[in-house]
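Observations on the model geometry
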Amino acid sequence: MSTRAAAVFVNHGAGPLPVLRPVTDPDHGPTRHFMESTVPNLLGLLDAKTRPTAIVVLSAHWEDDGVRISSGTSPYLLYDYYNFPSEAYNITYNAPGAPALAKKIHALLSDAAIASKLDAERGWDHGTFVPMKLIRPAEDIPIVQLSVVAGWDPTLHFKIGQVLSVLRDENVAIVGSGMSFHPNWGTPVTEETEAQARQFTSALTAAVTEPLVAARMAALANWEALPFARVCHQRDEHLIPLHVVAGAGGEGRAQAFDVHKGMYASFAWTADPYNRTHGPTRRFLESNIPELLGLNDLATRPKAIVVVTAHWEENYVAISSGESHRLMYDYYGFPDEAYAITYKAKGSPSIAQKIHQLLGAANVPSQLNPARGWDHGTFVPLKLIRPAEDIPIVQISVVAGLDPALHFKIGQVLSVLRDENIAIVGSGATFHPSRSIVDIKRRARKFNAALTEAALQPDVEERRKALKNWALLPHARDCHQREEHLIPLMVIAGAGGVDTGAAFDVDEGIYTSFAWRC
């Protein structure tokens, strides 16, 4: 079966700074981290079976009267930025060009009556080489860079994306390189501006993630009507690559990613190799969570993982404390293979004992339990997140009564474990109804949007208060008639502390994941 490549929009950052600054940099680190860690997964770069044969990059930094197409065999780099340190002008990126693919793009656009021109002379600007340096440092995948078209007609660029979408069926990826927030150079970015940018990005996300192509095209054609659109983009050129990617995405809802502070968003349409209902969840667990937990790098890999599961409830915090744990197949009516799943990671009695002591010191009742097995709230996600089964796990229960404030406090108590390189994972669901409700998907999206705003409050006390009152959020009880599947999020939000949280749309705006990282 042939592989369908992804269409992804990335925020390329400020000039060369994502390449020059470390991931710990508060301003440029999140952009770098997203391009180094998440985008390679979205593009299928880490597996030879899904790796694209070439990448087409739409750069905000090349503008022409028609679509200009780089067609050289080895384009040079255009250091089209100024007043940066000397190392900014020594960056290299030696991936090959793809003249045959460039000619094919030219022919496709010509057939669609869209003016285009091959250009074998122009080099790649920083809208291409900066993100690609981070996304694919191996420099082994051919690249064709395209310009945006002067006038920045959003509908024209959406149609360009639709024309290019056929390349995805030939395993050629489409990458739009721009910014979802890009005020004019020198414009002061105040707290008020940041708040306005978040409102714009939220509305933009709703437009981009329209699942129907016609609705998405219409919403993006009217992007200037979104709240504070012209505060965020006095000129359009950095947003226009997104229109191309949105056209190339085709039918289906994009994944949306909060890259930094709710102001910078990335979007992706990827081929779903799994069952359409459960594939997005599996893909997120397999592809995104390992990066968020630092599992792919020995230097950042946690020494243990504490899992708060929605499927274990006691009158106190129960803590799995055995050296090893059987699996509890606590589900019914599934095929035989569901009861043959294995997961043989070790437990950690010493960490379990430490958790017990920490909770005792905070007057939170807890008990060690060396006998109970791991339920599917632990072994199902961990089977996908860490199939190597080499990291010790401690599972803990939620507390009967499901008090959100208590569970937030439990997270605050557990947060000290993060300083010892022990990760905290909450396993539940942001949407878990127990009855059929009319128009439930629309209601679930409204609830998830409001829940995201509450969970991402940067002030810890404001976050606690907002989540304590989660049942007052729109359609809360439609989405959770009983809240046990939401309660693990309260623990994680407490454990997040002062770190900046990020939200990830896992599936159609209905299921959201959250992460807090240093």
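In this text, all values refer to a predicted model and were calculated from it rather than measured experimentally.

Comments concerning the packing of helix H2 (residues 29-42) against helix H4 (residues 126-135)
Running from N to C, H2 and H4 point in directions that differ by 60 degrees, and their axes come no closer than 8 Å. As the angle between them shows, H2 and H4 are arranged oblique. The hand of the H2/H4 crossing is right-handed. Contacts between H2 and H4 pair Arg 32, Met 35, Glu 36, Val 39 and Pro 40 from the former with Pro 131, Leu 134 and Ile 135 from the latter. Classifying every residue of the contact of H2 with H4 by side-chain character gives six nonpolar, no polar and two charged.

With respect to the nonpolar core
By size, the foremost hydrophobic cluster in this structure holds 108 residues, and its most contacted members are Leu 43, Val 56, Leu 101, Ile 105, Leu 146 and Leu 164. It is helix H6 (residues 191-208) that contributes the most residues to this core, six residues altogether. Each of two domains, domain 1 (7-269) and domain 2 (280-516), supplies a minimum of three residues to this core. In contact with Leu 146, not counting residues within four places along its chain, are Val 56, Val 57, Leu 58, Ser 59, Trp 62, Val 67, Arg 68, Ile 69, Ile 105 and Leu 164. One finds Ala 352, Ile 355, Ala 476 and Met 490 within the second-largest nonpolar core, a separate group that totals 50 residues.

Brief notes about the layout of surface pockets
Looking at the second largest pocket, its volume works out to about 1400 Å³. In terms of lining residues, the second largest pocket is bounded by 41 residues, among which Ser 202, Ala 449, Thr 452, Glu 453 and Leu 456 are the most central. Broken down by secondary-structure element, the contributors of at least two residues to the lining of the second largest pocket are H6, strand S7 (255-260), strand S8 (264-269), helix H14 (440-455), strand S14 (501-507) and strand S15 (511-516). With eight residues, the top contributor of residues to the lining of the second largest pocket is H6. The residue makeup of the lining of the second largest pocket, split by class, is 14 nonpolar, 13 polar and 14 charged.

Criteria and cut-off values
Residue positions are given per chain, counted from 1 along the sequence in the order it is written. Confidence filtering applies because this is a predicted model: local features only for residues at pLDDT of at least 70, side-chain atom pairs given and counted only at 80 or more, and all residues used for totals across whole chains, interfaces and linings. The side-chain quantities take in all heavy atoms of the structure and omit both hydrogens and water. Axis geometry follows a simple rule: fit a line to the C-alpha atoms, using only the stretch in contact for helices, then measure angles between N-to-C directions, giving values from 0 to 180 degrees. Runs of E in the DSSP output that reach at least two residues are strands. Runs of H or I that reach at least four are helices, and both are numbered from the N terminus. Each angle receives one of four descriptions, namely roughly parallel if under 35 degrees, roughly antiparallel if over 145, roughly perpendicular if within 65 to 115, and oblique otherwise. Note on convention: the crossing is left-handed when the near helix lies turned anticlockwise from the far helix by less than a right angle, right-handed when the turn is clockwise. The contact rule is simple, with two residues in contact once any of their heavy atoms fall within 4.5 Å. Here the nonpolar group is Ala, Val, Leu, Ile, Met, Phe, Trp, Tyr, Cys and Pro; Asp, Glu, Lys and Arg are the charged ones; every other residue, Gly included, is treated as polar. Put simply, a nonpolar core is a bunch of buried Ala, Val, Leu, Ile, Met, Phe, Trp, Tyr and Cys residues held in one set by side-chain atoms that sit within 4.5 Å of each other. Whether a residue is buried, partly exposed or exposed follows from its accessible area with a 1.4 Å probe, protein chains only, as a fraction of its type maximum: under 20%, in between, or over 50%, in that order. All domain edges in this entry derive from an automatic or database-based domain assignment. In this analysis, the protein atoms alone were mapped onto a 1 Å grid. Cavities are point sets where a 1.4 Å probe fits without being able to get out; pockets are open sets with protein on both sides within 12 Å along at least five of seven lines; lining residues have an atom within 4 Å of a point. Grid points are joined across faces, edges and corners, and a volume is the space filled by probe spheres set on the points.

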